[in-house]
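Secondary and tertiary structure notes
The chain contents come next:
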Amino acid sequence: MTSIKETRDFFLWCISVIYLIAFSSLYVQLPGLFGDNGIMPANLAIGSKEITSWEELLEGQPTLLRLMPKLGLSTETGMDLLCILGILISFCCVVFYSARDMVSFTLLWMMYLSLYQVGQTFLWFQWDILLLETGFLTILVAPLNLQFFSSRHHHHDRISLWLVRWLLFRLMFASGVVKLTSGCPTWWGLTALTVHFESQCIPTALAWFFHHLPQWFLKLSCVATYLIEIPIPLLFFSPVKSMRMFAFYSQILLQMLIIITGNYNFFNLLTIALCISLVEDDFFKRHKVEKPSTIQNLFNKLFLLVVYGYLMYQTVMQFSLQVSYSPYFEIKSKIAFSKEEFSSWLEKVVPATIILGAVSLGYIILSSLFRCLAEEKGIWKLWSLMQCAVMGVLAVAMFSISLIPYTVIDQDSAKLIPKPLFRMNEKLDSFQLTSSYGLFRVMTGVGGRPEVIIEGSNSPDSGWKEYEFYYKPGNISRVPPIVAPHQPRLDWQMWFAALGSYQHNTWFVHLIYRLMTGQREVLELIQYNPFPNKPPKFIRAKLYHYHFTGQTKKDKWYSKKNWWVREEKSEYFPALEKDNSSLLDYLKRTGLVKNEKKEKRTLTWVGFCVDYIRQLIGQPEGFSFVMTITGTAVMANVFSLILK
């Protein structure tokens, strides 16, 4: 076995970069989203109850923001403080190797969890949950960095990194399975990607070109997606290294294609970071690796031939792949199995993957203990054995409770899990230690992507002008932007709002009211305010369907200068004034109107410093801010490595 220390260190560096992106991206949006004058004030979520003990702090949704009154800080200033500290700590972790220890990552995880707990609909995305679970595992991966107890070998790292690999498996396997268990007709018809590039939240300019690829190629790409997300993740636990590397490159390819066609913030970078758990140190540098014996080498090649051959055979059979040359070249594909057959297969495979995971974890723990006995001497042998034993117990516990959210994809498998694990998972649920995943479960936007366009006017009959957001589609001639790794949370929620109604989106009504009152913090989240001097008397919202323009003049939606065409579908939100009695009654029930009076606080030096930093930075455009902060940290790290 080759060393894994450099793999661990690179993983920790990647997570540091992602934390820096997440905190800096959130910081510029805090006043408009969660401030006292924001769309969803955080003090409404946290309540006014004073904390008198640690037990009360951990009750319900544990968050450090409950301690802010003791520092003389309001909830809004407290969120600013946590974000600033998160930026500073993660910046140091990116630049300095010695900063990447268990203490730093514990603080980062606690601060992000604290923000998540009060973030409501704007922070409850799957990638935020994934960052929290990854962040907790990173605490286990990170070294203590205690000089006296430092050892030349870190055998327990294999155990903690295995937990990262298991998380990657659950993420990818579940994301593939839910596409079929959802019953979505586009996934079953292999037409999902003919819709996806146009209908995703914030597409890039390249999405326009991918949208116009031949239909047979897009259907074949659906087949490739199933292949990468369902069977290939099983190879994460293969004893043959080249097979794990094949799985690694497959996942990287998928993530890179998603990155260039869609703005999914730090999610794809985080998934790539999880993929690092599949490699060893010889991936980064040339290490002397023991060459396998002739018999072992022959066995490995035969094993590879059988596995790859079986994968290829099953792909051809299960998706009825056929090459056609008439009237032009294409590869035809369609799903050849039924929903009942897939459900039956899933009932057998999910328990098998649990057994596979348990066997793989057991092997990693035993082999790590054996390496301690074989390679360490004296007191270091005892110290390494103790580290492996402790990490082994933690790994078994984490693996066990992860089975509850994992078996959501197959309820029959959940019946096999002991009931005490459910009770344990329920007690730890608020800490987001482990979660269920399932991305792109159902394809939206079939028949055109829905978009909500907000308009204002001083007359209910004429003079309506549109509010233009920074990133989401609005102006049909604007080039689809590059936003990632920044997460524009209001733009994202506008996409979700278009999929439903304003009655089910309290935050949207709050947004309309903030625009009616001309609230500066909220307006800074929007690129163009058509009423810069005085808010309009009336505001309404309309629902449109957007389509990418066609590629040729023969296409229905062809346009030479525009990226989009749109059709007005219906009224989304009726034209109202800010003094409308129904609106005010609704806002009183949600607490927004009552919240207009700021929280009382005693100004302390901490609060003064936090407020001063906010005054200096303000709410700049998110993408530029995130790239500046992250780019500075990465370049500083490069220079520090050069100067060594």
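Everything discussed here concerns the structure shown above.
Structural notes, computed from the coordinates. Think of each chain on its own: its residues are numbered from 1, step by step along the sequence as written. The predicted nature of this model means local features are confined to residues of pLDDT at least 70 and side-chain atom pairs, given and counted, to a pLDDT of 80 or more, with totals for whole chains, interfaces and linings taken over all residues. Only hydrogens and water are set aside; all other atoms, that is, all heavy atoms of the structure, feed into the side-chain values.

Secondary structure assignment for the protein chain yields 25 helices and eight strands. Over its C-alpha trace the protein chain gives a radius of gyration of 26 Å, about what one expects of a compact globule, namely 26 Å for 644 residues. Relative accessible area decides the class of each residue, using a 1.4 Å probe on protein chains only: under 20% of the type maximum gives buried, over 50% gives exposed, and in between gives partly exposed. Per-residue burial over the protein chain gives 55% buried out of 644 residues. For the protein chain, the share of sequence-separated contacts (at least 6 apart) that also reach a separation of at least 24 residues comes to 77%. Every accessible area reported is derived by Shrake-Rupley at a probe size of 1.4 Å, with residue values counting cover from the shown protein chains alone. Accessible surface, the protein chain as shown: approximately 29800 Å² in total, 63% of it carbon and sulfur. Side chains of the protein chain give 59 positive and 48 negative charges; the mean places of these two sets differ by 4 Å. By definition, any uninterrupted DSSP run of H or I lasting at least four residues is a helix, any uninterrupted run of E lasting at least two residues is a strand, and each is numbered from the N terminus. Radius of gyration here uses only the C-alpha atoms, and the compact-globule reference equals 2.2 Å multiplied by the residue count raised to the power 0.38. Whether two residues are in contact is decided by their heavy atoms: any pair within 4.5 Å suffices. As used throughout, the charge tally considers Lys and Arg to be positive and Asp and Glu to be negative, leaving His and the chain termini uncounted. Here the site of a charge means atom NZ of a Lys, CZ of an Arg, CG of an Asp or CD of a Glu.

Moving on: unusual backbone geometry. Glycine aside, the phi torsion of most residues is negative, and most peptide linkages are trans. In this structure, Pro327 follows Ser326 across a cis peptide bond, with omega equal to 5 degrees. In this structure, Pro327 sits in the loop between strand S1 (322-324) and strand S2 (330-332). At Gln120, a position not held by glycine, the phi torsion is positive, near 50 degrees. Mapped onto the secondary structure, Gln120 falls in the loop between helix H6 (102-118) and helix H7 (126-141). Phi angles above zero are rare outside glycine, and Asn265 is one such case at about 45 degrees. Relative to the assigned elements, Asn265 resides in the loop between helix H13 (241-261) and helix H14 (267-275). Overall, the relative accessible area of 3% leaves Asn265 in the buried class.

Time to look at the packing of aromatic side chains. Working definition: rings of Phe, Tyr and Trp (its six-membered ring) pair if their centres are within 6.5 Å, and the pair is stacked with planes under 30 degrees apart, edge-to-face with planes over 60 apart, and tilted otherwise. If you walk through the whole model with that rule in mind, you get 55 aromatic pairs. With 6.4 Å between their ring centres and 65 degrees between their planes, Tyr502 and Tyr572 make a pair best called edge-to-face. Here the residue Tyr502 occupies a position in the loop between helix H20 (489-498) and helix H21 (506-516), and Tyr572 occupies one in strand S8 (residues 564-576), the gap between them amounting to 70 residues. Classification of Tyr572 as buried rests on a relative accessible area of 8%. These aromatic residues form a ring-pair network of at least three members: Phe125, Trp127, Tyr264, Phe267, Phe440, Trp492, Trp495 and Phe496. Geometrically, a charge over a ring is one whose NZ (Lys) or CZ (Arg) sits within 6 Å of the ring centre while staying within 35 degrees of the ring normal. Seen from the ring of Trp188, Lys339 lies directly overhead, with NZ or CZ sitting 5.9 Å from the centre.

To estimate how far a helix should reach, multiply one less than its number of residues by 1.5 Å. With 23 residues, helix H1 (residues 5-27) extends 33 Å between its outermost C-alpha atoms, agreeing within 8% with the 33 Å of an ideal straight helix rising 1.5 Å per residue. Taking burial as the measure, the 23 residues of H1 include 20 buried ones, the bulk of the element.

Surface patches are defined over residues having more than 30% relative accessible area and no salt bridge, joining like charges when they lie within 9 Å and nonpolar side chains (Val, Leu, Ile, Met, Phe, Trp, Tyr) when within 5 Å. Whenever a carboxyl oxygen of Asp or Glu lies within 4 Å of a side-chain nitrogen of Lys or Arg, that contact is scored as a salt bridge. A contiguous nonpolar surface patch, about 420 Å² in accessible area, is contributed by Leu206, Phe209, Leu253, Leu257 and Ile260. Contributions of two or more residues to the nonpolar patch are made by helix H11 (205-211) and H13. For the nonpolar patch, the element with the highest residue contribution is H13, accounting for three residues. With respect to the secondary-structure elements, Ile260 resides in helix H13. Look at Ile260 and you get partly exposed, because its relative accessible area is 33%.

It is worth spelling out the sheet that holds strand S4 (residues 465-466) at this point. Across the sheet, four strands lie side by side as S4-S3-S7-S8; this open sheet has antiparallel pairing. The sheet is open, and its two borders are formed by S4 and S8, each paired with just one other strand. We treat two strands as partners when DSSP finds at least two bridges between them.

So, on to the packing of H21 against helix H23 (residues 581-590). To obtain an axis, a line is fitted to C-alpha atoms, over the contacting stretch when the element is a helix, and the angle between two such axes runs from 0 to 180 degrees between their N-to-C directions. Between H21 and H23, the shortest axis-to-axis distance is 11 Å and the interhelical angle comes to 120 degrees. One finds that H21 runs oblique with respect to H23. Handedness of the crossing formed by H21 with H23: left-handed. Of the residues in H23, those touching H21 at Thr506, Val509, His510, Tyr513 and Met516 are Leu583, Leu584, Tyr586, Leu587 and Thr590. Asp, Glu, Lys and Arg are counted as charged, while Ala, Val, Leu, Ile, Met, Phe, Trp, Tyr, Cys and Pro are counted as nonpolar; the rest, among them Gly, fall into the polar class. Residues that form the contact of H21 with H23 fall into these classes: seven nonpolar, three polar and no charged. These descriptions rest on fixed angle ranges, namely under 35 degrees for roughly parallel, over 145 for roughly antiparallel, 65 to 115 for roughly perpendicular, and the rest for oblique. Crossings are sorted by hand: turned counterclockwise from the far helix by less than a right angle, the near helix makes the crossing left-handed, and turned clockwise it makes it right-handed.

Our next topic: the nonpolar core. Note on soluble globular proteins: their nonpolar side chains tend to be buried together. Core analysis: the biggest nonpolar cluster contains 193 residues, and Ile39, Ile454, Leu490, Trp507, Phe508 and Leu511 have the highest contact counts within it. The biggest single contributor to this core is helix H8 (residues 157-181), with 16 residues. When near neighbours in sequence (up to four residues on either side) are disregarded, Ile39 contacts Gly32, Leu33, Phe122, Leu490, Trp507, His510, Leu511, Val522, Leu525 and Leu592. Among buried residues, the Ala, Val, Leu, Ile, Met, Phe, Trp, Tyr and Cys ones that are joined through side-chain atoms within 4.5 Å form a nonpolar core.

Turning to its location among the elements, Glu521 is positioned in helix H22 (residues 520-523). Assessed through its relative accessible area of 10%, Glu521 is described here as buried. Counting of polar contacts relies on pairs of N or O atoms within 3.5 Å, with two restrictions inside protein: one atom must be capable of donating a hydrogen and the other of accepting it, and residues adjacent in sequence are counted only when both atoms are side-chain atoms. In this structure the side chain of Glu521 is engaged in a polar contact, spanning 3.1 Å, whose partner is the side chain of Gln519. Residue contacts for Glu521: discarding those within four places in its chain leaves Pro31, Gly32, Asn37 and Gln619.

In this section: the pattern of salt bridges. The tally for this structure, following the rule as stated, stands at 18 salt bridges. Here Arg566 ties to Glu466 by a salt bridge, and the two come within 2.6 Å at their closest N and O atoms. Of this pair, Arg566 sits in strand S8 while Glu466 sits in strand S4; the two residues are 100 residues apart in sequence, bridging distant segments of the chain. The exposure class of Arg566 is partly exposed, given its relative accessible area of 28%. Residue classification places Glu466 among the partly exposed positions, given a relative accessible area of 24%.

Packing of H1 against H6 leaves a shortest axis separation of 12 Å and a crossing angle of 35 degrees. Of the two possible hands of crossing, H1 and H6 adopt the one that is left-handed. Two secondary-structure elements touch here, H1 through Leu12, Ile15, Ser16, Tyr19, Ala22, Phe23 and Leu26 and H6 through Phe105, Leu108, Trp109, Met111, Tyr112 and Leu115. Split into classes, the residues belonging to the contact of H1 with H6 amount to twelve nonpolar, one polar and no charged.

This part covers H6. Over its 17 residues, H6 runs 25 Å from end to end, which matches the ideal 24 Å to within 8%, given 1.5 Å per residue. When you tally the buried positions in H6, you get twelve out of 17 residues, the bulk of the element. Within H6 the residues assigned to the buried category are Ser104, Phe105, Leu108, Trp109, Met111, Tyr112, Leu113, Ser114, Leu115, Tyr116, Gln117 and Val118. Buried residues along H6 sit against H1, helix H2 (30-34), helix H3 (42-46), helix H5 (75-95), H7 and H20. Gln120, located one to two residues past H6, shows a positive phi value of around 50 degrees.

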